[in-house]
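Fold and contact review
The primary structure of each chain is shown beneath.
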Amino acid sequence: MNLKEKIRVIPDFPEKGIRFKDITTLLQDAGSFHHAIDELADYVRGRQADVIVGPEARGFVIAAPLAYALGKGFVPVRKKGKLPAETVSMGYELEYGKDILEMHKDAIRPGQRVVIADDLLATGGTTLTAIKLVEKLGGIVVGVAFLIELTYLNGREKLSGYDVLSLVQY
Ligand SMILES: O=P(O)(O)OC[C@H]1O[C@H](OP(=O)(O)OP(=O)(O)O)[C@H](O)[C@@H]1O
Ligand SMILES: Nc1ncnc2[nH]cnc12
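The paragraphs below set out a description of the structure included in this document. (Residues numbered from 1 in each chain as written. Chains lettered and ligands numbered in written order. Predicted model: local features only at pLDDT ≥ 70, side-chain atom pairs only at ≥ 80, totals over all residues. Heavy atoms only, no water.)

In the vicinity of ligand 1 there are 16 residues, among which D118, D119, T123, G124 and T126 approach most closely. Residue A57 places a main-chain N or O atom 3.0 Å away from an oxygen atom belonging to ligand 1. In this structure, an oxygen atom belonging to ligand 1 sits 2.8 Å away from a main-chain N or O atom of G124. For ligand 1, whose accessible area on its own is 500 Å², the fraction buried by protein is 88%. For the shell around ligand 1, the elements supplying multiple residues, two or more each, are strand 7 (113–121) and helix 4 (125–136). Ranked by residues supplied to the shell around ligand 1, first place goes to strand 7 with 4 residues. Here the residues of the shell around ligand 1 are counted per class, giving 6 nonpolar, 4 polar and 6 charged. (Near = heavy atom within 4 Å. Polar contact = N/O pair within 3.5 Å; in protein donor to acceptor, adjacent residues only side chain to side chain. Areas by Shrake-Rupley, 256 points an atom, 1.4 Å probe, with all protein chains shown as cover. Helix = DSSP H or I, 4+ residues; strand = E, 2+ residues; numbered from the N terminus. Nonpolar A, V, L, I, M, F, W, Y, C, P; charged D, E, K, R; others polar.)

Following this line, the structure appears as structure tokens:
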């Protein structure tokens, strides 16, 4: 199945010069969505993860069904001010703009094996921040899984030392 042909590329969104990879066209196609989650699930099984962590918002669309398919728990990473209980937080930069990410302090138990899943790897800023938050809580990041990787932004270099999988590359 060709997942790439289901992803729509929108030029100059959200700002000039960015070629935005729109996954809504893939998600609305039941077979492609199912196939993508199944492929990612095969990878995560091999990493023997206890829990799947996903960053807001598009990461939820990948990480939550992945966790469900594997019978594992799902833990959200959210932008500042959205999580109600006590959090750990960290600032980061991405392809366009910057923000602060947070996780609940009690979301990960020390020693738990964690896979971080997201729709897209660009600069790697989001994922590296999520990794640092998980590690702050004592989790062990055993893998990171993406639907899409923008290889021209070298995010994989930022994640050196971690096991990285992507299903579609640009
Ligand atoms: O590798 P990076 O340079 O960090 O970029 C990748 C991140 O950017 C996008 O999320 P975004 O922050 O745009 O938020 P959204 O999912 O809420 O649209 C995407 O879903 C990744 O999480
Ligand atoms: N080019 C891009 N397309 C879609 N999501 C992104 N997040 C960061 N860069 C992106």
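Further remarks concern the layout of surface pockets. The calculated volume of the largest pocket comes to roughly 400 Å³. Around the largest pocket, the lining comprises 27 residues; the ones closest to its centre are R58, L94, Y96, L120 and T126. The element contributing the most residues to the lining of the largest pocket is strand 7, with 4 residues. Within the lining of the largest pocket, the residues separate by chemical class into 12 nonpolar, 6 polar and 9 charged. (1 Å grid on protein atoms, 1.4 Å probe; cavity = no way out; pocket = protein on both sides within 12 Å on 5 of 7 lines; lining within 4 Å. Points joined across faces, edges and corners; volume = space filled by probe spheres on them.)

Moving on, we come to the packing of aromatic side chains. Scanning the entire structure with this criterion turns up 2 aromatic pairs. Note on F60 and F74: the rings are 5.7 Å apart at their centroids and 85 degrees apart in plane angle, and the pair reads as edge-to-face. With F60 in helix 3 (residues 58–70) and F74 in strand 4 (residues 73–79), this pair connects stretches of sequence that are 14 residues apart. A cation over an aromatic ring shows up here: K4 above the ring of Y170, its NZ or CZ 4.5 Å from the ring centre. The lysine or arginine in question, K21, covers the ring of Y170, its NZ or CZ lying 5.0 Å from the ring centre. (Phe/Tyr/Trp six-rings, centres within 6.5 Å; stacked < 30°, edge-to-face > 60°. Lys NZ or Arg CZ within 6 Å of the ring centre and 35° of its normal.)

The values are spatial; any link to function lies outside them.
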